[in-house]
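Architecture at a glance
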Amino acid sequence: MRTICVVGTGYVGLVTGACLAELGHRVVCVDNDVRKIQQLKKNIMPLYEPGLDVLVKNNVKRRRLSFSVNLKTAVKESEVIFIAVVTPPRDDGSADLSFIETVACEIARSMDTYKLIVDKSTVPVETGENVEVTIRRNLVKKIPFDVASNPEFLREGSAIKDTFHPDRIVIGVKSKKAEQILKEIYAPIKAPVIVTDIKSAEIIKHASNSFLAMKISYINAVSNICERTGADIEKVAEGMGMDKRIGRSFLNAGIGFGGFCFPKDLEAFYWISRKMGYEFNLLKEVMEINKSQRILLVKKVEDALWNLKGKNIAVLGLAFKPDTDDMRFAPSIDIIADLQKAGASIRAYDPQSVKRAKLVLKDVTYTKSPYEAAKGADCIVIITEWDEFKEIDMRRMAKLLKHPIIIDGRNMFDPAAMRALGIVYKSMGRGE
Ligand code: UGA
């Protein structure tokens, strides 16, 4: 059992803290957002993540997990400190690391015994080095410490499962002691551990996310060829994915990726590569293809409805992907803005993200069911592939719509089955 402090109670911090407590460690999660900590103490989660509330509740009950706004005390009482604060994008696309610096300074000023400071946030290469320098500069007296990089690979919506069953655990260290502590912390998890230097660990994270984003843009580019030739991208992805070297995952064509990870990590990786003197133009193209997919969906709506002025559009799904309420960099934001700019009115349904959507979308009417959204609308646009949409009674939907038109940005349905119901069904890269 180790005493651990996790700084930052966003997705990564909160899930990491709760999971480390579940592994048997004593964990205190710290955040300077007083309200958030008060809510967490009442077991009110700041975000929707399946299973997280139960995990938090159980571990608080067992006294292995607690919440605090007092970083100083938490640092003193912990041997290992995970930094999991946000690294938002700046206007130029580079990562804003000022929160990491502030936390590093505070850790340095609070520590009085050996500490292992582990970076969990996604950061550009060389951040570990800067954290080390910052801590050394701000130490009140000479105290031994180690800095490590331990990137997270959890996906929103399956964050807990991903943490307990990762494909690998990446540990970037400079000392044997740091390696030993981190290996011990993760010992109950059955996964290969790769030990590297700190810079390589940092690059593993950026390069992995960028590669996955590249896979998505690649399949989207191929889907555009499918569309022009009448081929079927679903079959193409299936056939490609059977090659073990390629794999089927992250080959789902559609309106592309959003969320707080891929868009910002791609930009940040591009930016840091450039800073190092290398023009990583491939990443730029990945971003461009991603942007164009959203425009393509709007074009499909225009092709189906002609003028959008005065038209009512029912949008199904707003979150950047299913099983999350996260709206950050969600494709729905750009798509809805474009539809509105062209004069359309939007009625939207999403099972989880309405509260957050209200903070970022303007002039949208929210409904309690997909059927309510569809009633009297000129068409349906599917943006997020929530499982519950598969259960929709399409016959009923078709009757509720003014015109039975569905534009599916996530290829959720079988085109032939839709046609059989008399629905004009347009999806991505399937040649209809
Ligand atoms: C991503 C990575 O998958 C995680 O490994 C990583 O830890 C995380 O970023 C992070 O850096 O924190 P996440 O953004 O939660 O996780 O979600 P993904 O499931 O990767 O989906 C990202 C976006 O890609 C979504 O908008 C999704 O709709 C889109 N996507 C995904 C596709 O368009 N096609 C696909 O085939 C797969």
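Bear in mind the structure is a predicted one, so any value in this text is a computation, not a measurement. (Residues numbered from 1 in each chain as written. Predicted model: local features only at pLDDT ≥ 70, side-chain atom pairs only at ≥ 80, totals over all residues. Heavy atoms only, no water.)

A few points about the pattern of salt bridges
As a reminder of what qualifies: Each reported salt bridge corresponds to a side-chain nitrogen of Lys or Arg within 4 Å of a carboxyl oxygen of Asp or Glu. Per the convention used, a helix needs a DSSP run of H or I reaching at least four residues, while a strand needs a run of E reaching at least two, with both numbered from the N terminus.
Going through the model one piece at a time under the given rule, you end up with 28 salt bridges. The salt bridge involving E179 is made with K176; its shortest N-O contact spans 3.1 Å. Remark: K176 and E179 occur in helix α8 (residues 176-185); sequence separation between them is 3 residues, near one turn of the helix.

Focus on the site of the ligand
Short version of the rule: Nearness here has a simple test: a residue counts as near a molecule or strand if at least one of its heavy atoms is within 4 Å of that partner. Here a polar contact is taken to be a pair of N or O atoms separated by no more than 3.5 Å, where protein atoms must pair a possible hydrogen donor with a possible acceptor and residues adjacent in sequence count only if both atoms sit in side chains. For accessible areas, the Shrake-Rupley method is used with a probe of radius 1.4 Å. Any residue's cover is judged against the shown protein chains and nothing else. Any residue outside Ala, Val, Leu, Ile, Met, Phe, Trp, Tyr, Cys, Pro, Asp, Glu, Lys and Arg is labelled polar, Gly included; the first ten of those are nonpolar and the last four are charged. In this entry, domain limits derive from an automatic or database-based domain assignment.
Neighbouring the ligand are 20 residues, the closest being L154, E156, K205, N209 and N252. Taking E152, its main chain carries an N or O atom lying 3.3 Å from an oxygen atom of the ligand. A distance of 3.3 Å separates an oxygen atom of the ligand from a polar atom in the side chain of R410. Protein chains bury 92% of the 710 Å² of accessible surface belonging to the ligand in isolation. Counting residues per element, the shell around the ligand draws most heavily on helix α9 (residues 198-229), at 3 residues. Its residues placed into classes, the shell around the ligand shows 9 nonpolar, 4 polar and 7 charged. Split by domain, the shell around the ligand shows at least three residues from each of two domains, domain 1 (3-195) and domain 2 (211-426).

Section: the packing of aromatic side chains
Note the threshold: Under the pairing criterion, centres of Phe, Tyr and Trp rings, with the six-membered ring standing for Trp, must be within 6.5 Å; the plane angle then separates stacked pairs below 30 degrees from edge-to-face pairs above 60, leaving the rest tilted. For each residue, the accessible area found with a 1.4 Å probe, counting protein chains only, is set against the maximum for its type, and the residue is called buried under 20%, exposed over 50%, and partly exposed in between.
Under the counting rule described, the total for this entry stands at 6 aromatic pairs. Centroid distance Y349 to F389: 6.1 Å. Interplanar angle 55°. Geometry classified as tilted. Here Y349 is found in strand β10 (residues 345-349), whereas its partner F389 is found in the loop between β12 (379-382) and α16 (394-400), with 40 residues between them in sequence. F389 carries the same exposure label as Y349, and that label is buried.

Overview of the domain arrangement of the protein
Our working rule: Contact criterion: two residues are considered in contact whenever any of their non-hydrogen atoms come within 4.5 Å of each other. Values labelled buried area give the accessible surface lost by two parts on being combined, using a 1.4 Å probe and summing over both.
Under the domain assignment, the protein is made up of domain 1 (3-195) and domain 2 (211-426). Distance between the C-alpha centres of domain 1 and domain 2: 33 Å. With 21 residues of domain 1 at the interface, the matching set in domain 2 holds 19 residues. Between domain 1 and domain 2, a total of about 1600 Å² is buried, with carbon and sulfur atoms accounting for 58% of that surface. At the junction of domain 1 and domain 2, the tally comes to 1 salt bridge. Remark: the boundary between domain 1 and domain 2 carries 7 residue pairs in polar contact (both at pLDDT 80 or more).

Observations regarding the pairing of strand β2 (residues 26-30)
Put simply, the rule reads: By this definition, two strands are paired if DSSP reports at least two bridges between them. The definition of a right-handed crossover adopted here requires that, viewed with the strands pointing away, the path from the first strand over the helix to the second runs clockwise.
Here β2 lies mainly inside the structure; 4 of its 5 residues are buried. As defined by bridge partners, strand β1 (residues 3-7) adjoins β2 across 5 bridges and the pair is classed as parallel. Residue pairing in the sheet places V6 in a bridge with C29 of β2. Crossover handedness for the path β1 to helix α1 (residues 11-22) to β2: right-handed. The pairing of β2 with strand β3 (residues 65-68) spans 4 bridges and is classified as parallel.

Overview of the nonpolar core
This is how it is decided: Side-chain atoms within 4.5 Å link the members of a nonpolar core, which is a set of buried Ala, Val, Leu, Ile, Met, Phe, Trp, Tyr and Cys residues.
Among the nonpolar cores identified, the biggest contains 42 residues, and L52, F82, L116, L182 and I185 are the most heavily contacted of them. Here this core takes 7 residues from α1, the largest share from any one element. For I185, the residues in contact, after removing those within four places along its chain, are R2, I4, L20, L23, H25, V80 and F82. By size, the runner-up hydrophobic cluster in this structure holds 28 residues, among which are L296, L297, L339 and I346.

Some details on α8
We apply this condition: The directions considered for the arc run from the helix axis to the C-beta atoms.
What α8 keeps buried is the set A178, E179, I181, L182 and I185. In an axial view of α8, the angular spread of the buried residues amounts to 165°, which keeps them on one side of the axis.

A look at the side chain of D325
Structurally, D325 is set in the loop between β9 (312-316) and α13 (331-341). Take D325: its relative accessible area is 9%, and that puts it in the buried class. There is a polar contact of 3.1 Å between the side chain of D325 and the side chain of R356. Those residues within four positions of D325 in sequence are excluded, and the remaining contacts are Y11, L47, Y48, Q352, S353 and R356.

Things to note about the sheet that holds strand β14 (residues 424-426)
Sheet strands pair by backbone hydrogen bonding; their relative direction is either parallel or antiparallel. For clarity, the threshold we go by: Where helices are involved, their axes are fitted lines through C-alpha atoms of the stretch in contact, as for all axes, and angles between N-to-C directions lie from 0 to 180°.
What the 6 strands build is an open sheet, ordered β11-β10-β9-β12-β13-β14; its pairing is parallel. Every interior strand has two partners, whereas the edge strands, β11 (364-366) and β14, have only one. Within this sheet the neighbouring strands show an average axis-to-axis angle of 20°, counted without direction. Across the sheet, helix α12 (residues 281-305) lies against β9, β12 and β13 (405-408), angled at about 165° from β13, the strand it touches most. Sitting on the sheet, α13 is in contact with β9, β10 and β11, with an inclination near 150° to β10.

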